[in-house]
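Structural overview
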Amino acid sequence: MLDNIEGQRVPNVTFPTRQGDEWVNITTDQLFKNKTVVVFALPGAFTPTCSSTHLPRYNELAAVLKENGVDEVVCLSVNDTFVMNAWLADQEAEHITVVPDGSGEFTEGMGMLVNKNDIGFGKRSWRYSMLVKDGVIEKMFIEPNQPGDPFEVSDADTMLNYINPTAKAPSAVALLTKPGCPFCEKAKAALKDNKIKFEEIVLGKDATSVALKAMSGQTTVPQIFVDGKHLGDSDAAVAYANS
């Protein structure tokens, strides 16, 4: 139960998936052959930790993982394909490939199928992650075998650190803007020119002036925030982009 099987091949399984209006079978060969793949497995789509932390962070770090030799980032859960597709759409996790192990065949082959009857789930996957190269498991991060749903080692940052300890995770950047604001356009252009990804929060659409005042203490836009810190206005955004 929950054994580390590094050095072994992944189970040979065919996953029935729904793509548009058609059933499409995806095999483990298609997923893993001649590829370097990061897999993270979790107890269930739409569940709190999976939706708030596990999946989003892998999506955030997918580009950095790929810069460091990973071909694909796969999320696997013992859910049917309709649930997994709906969850993917809900999460906006465009950099993640979701795989529905509806029957639990792959998870059972991994030795990670556990009984969660106490919360009405039935048999589900234990939470873990692994690095797979050409179908062979190089590294596994298995959550400790203890009650509940521990989330300590299967996260995206731990995986990235294993693959490349010197790799730098991207900063979380948000820019408060308003339509028609030339200073906002200047700030956005500087960030884009320097290939800095950011989330734009548009006043009047995504938030109001109340949020602007509450977050920054200012009444003008743009305002830039990086990793929880308020840096300032358009000049601060340009300075950050060029730093």
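This text follows the structure it describes.
My aim in this report is to walk through the structure given alongside it, one point at a time. (Residues numbered from 1 in each chain as written. Predicted model: local features only at pLDDT ≥ 70, side-chain atom pairs only at ≥ 80, totals over all residues. Heavy atoms only, no water.)

**Here's the deal with the overall build of the chain**
Using the following cut-off: Labels follow the DSSP assignment, with helices taken as runs of H or I lasting at least four residues and strands as runs of E lasting at least two, numbered in each case from the N terminus. Buried, partly exposed and exposed residues are distinguished by accessible area as a fraction of the type maximum, computed with a 1.4 Å probe on protein chains only: under 20%, between the cut-offs, and over 50%, respectively. Note on contacts: a residue pair qualifies if any of its non-hydrogen atoms lie within 4.5 Å across the two residues. Working definition of accessibility: Shrake-Rupley area with a 1.4 Å probe, residue cover restricted to the visible protein chains. Neither His nor the chain termini are counted; the positive set is Lys and Arg, and the negative set is Asp and Glu. By convention, the charge on Lys lies at NZ, on Arg at CZ, on Asp at CG and on Glu at CD.
Looking only at helices and strands, one finds eight helices and 13 strands in the chain. Taking the principal axes of the C-alpha coordinates as reference, the chain spans close to 55 × 40 × 35 Å. Taking all 243 residues of the chain together, 45% fall into the buried category. For the chain, restricting intrachain contacts to residue pairs at least 6 apart in sequence, the fraction spanning at least 24 positions comes to 62%. When the accessible surface of the chain is split by element, carbon and sulfur atoms take 49% of a total near 12400 Å². Where the 22 positive side-chain charges of the chain centre and where its 32 negative ones centre are 5 Å apart.

**Digging into the packing of helix α2 (residues 48–67) against helix α5 (residues 156–163)**
The axes of two packed helices give the description: the angle between them and the distance between them. Selection rule: The convention used is that axes are lines fitted to C-alpha atoms, helices contributing only their stretch in contact, and that angles between N-to-C directions extend from 0 to 180 degrees. Oblique is the label for every angle not falling under 35 degrees (roughly parallel), over 145 degrees (roughly antiparallel), or within 65 to 115 degrees (roughly perpendicular). For a crossing to be left-handed, the near helix must be turned anticlockwise from the far one by less than a right angle; the clockwise case is right-handed. Charged residues are taken to be Asp, Glu, Lys and Arg, nonpolar residues to be Ala, Val, Leu, Ile, Met, Phe, Trp, Tyr, Cys and Pro, and polar residues to be all remaining types, Gly included.
At their nearest, the axes of α2 and α5 sit 9 Å apart, and the two run at 15° to each other. With respect to α5, the axis of α2 lies roughly parallel. Considering the relative orientation of α2 and α5, their crossing is right-handed. Contacts from Arg 57, Tyr 58, Leu 61, Val 64 and Leu 65 in α2 reach Ala 156, Asp 157, Met 159, Leu 160 and Ile 163 in α5. Taken together, the residues of the contact of α2 with α5 sort by class into eight nonpolar, no polar and two charged.

**Brief notes about the environment of Ser 243**
For the record, the criterion: Within 3.5 Å is the distance limit for a polar contact, defined as a pair of N or O atoms, with the added protein rule that one can donate a hydrogen and the other accept it, and that residues adjacent in sequence qualify only through two side-chain atoms.
Checked against the element boundaries, Ser 243 lands in the segment after α8 (234–241). Among the residues examined, Ser 243 registers a relative accessible area of 76% and is labelled exposed. Separated by 130 residues in the primary sequence, Ser 243 and Leu 113 have C-alpha atoms spaced 48 Å apart. Looking at Ser 243, its side chain comes within polar contact range of the main-chain oxygen of Tyr 240, at 2.6 Å.

**Considerations on the sheet that holds strand β9 (residues 136–142)**
This is how it is decided: Strand pairing follows a simple DSSP-based rule, namely that at least 2 bridges must link the two strands.
One open sheet holds the five strands; their spatial order is β5-β4-β3-β8-β9, and the pairing between them is mixed. Of all the strands in the sheet, just β5 (97–100) and β9 have a single pairing partner and so form its edges. Mean inter-strand twist for the sheet, computed between neighbouring axes without regard to direction, equals 25°. As defined by bridge partners, strand β4 (residues 72–77) adjoins β5 across four bridges and the pair is classed as parallel. Across the sheet, residue Cys 75 finds its bridge partner in β5, namely Val 98. Docked against the sheet, α2 engages β3 (36–42), β4 and β8 (128–133), running at close to 175° with respect to β3.

**Considering the layout of surface pockets**
In plain terms, the rule: In the cavity and pocket records, a cavity denotes points on a 1 Å grid over the protein atoms alone where a 1.4 Å probe fits but cannot get out, a pocket denotes an open set with protein on both sides within 12 Å along at least 5 of 7 lines, and lining residues are residues with an atom within 4 Å of a point. Grid points are joined across faces, edges and corners, and a volume is the space filled by probe spheres set on the points.
By volume, the largest pocket is sized at about 1100 Å³. Taken together, 32 residues form the lining of the largest pocket, with Glu 60, Pro 170, Ser 171, Lys 197 and Phe 198 sitting closest to its centre. Among the secondary structure elements, those contributing two or more residues to the lining of the largest pocket are α2, β10 (173–177), β12 (223–226) and α8. Counted by class, the lining of the largest pocket contains 15 nonpolar, seven polar and ten charged residues. Put simply, the second largest pocket is a space of about 200 Å³. As for the second largest pocket, its lining consists of 13 residues, and the residues nearest its centre are Lys 116, Ile 119, Phe 121, Gly 148 and Asp 149.

Such coordinate-based values are descriptive only and should not be taken to indicate function.
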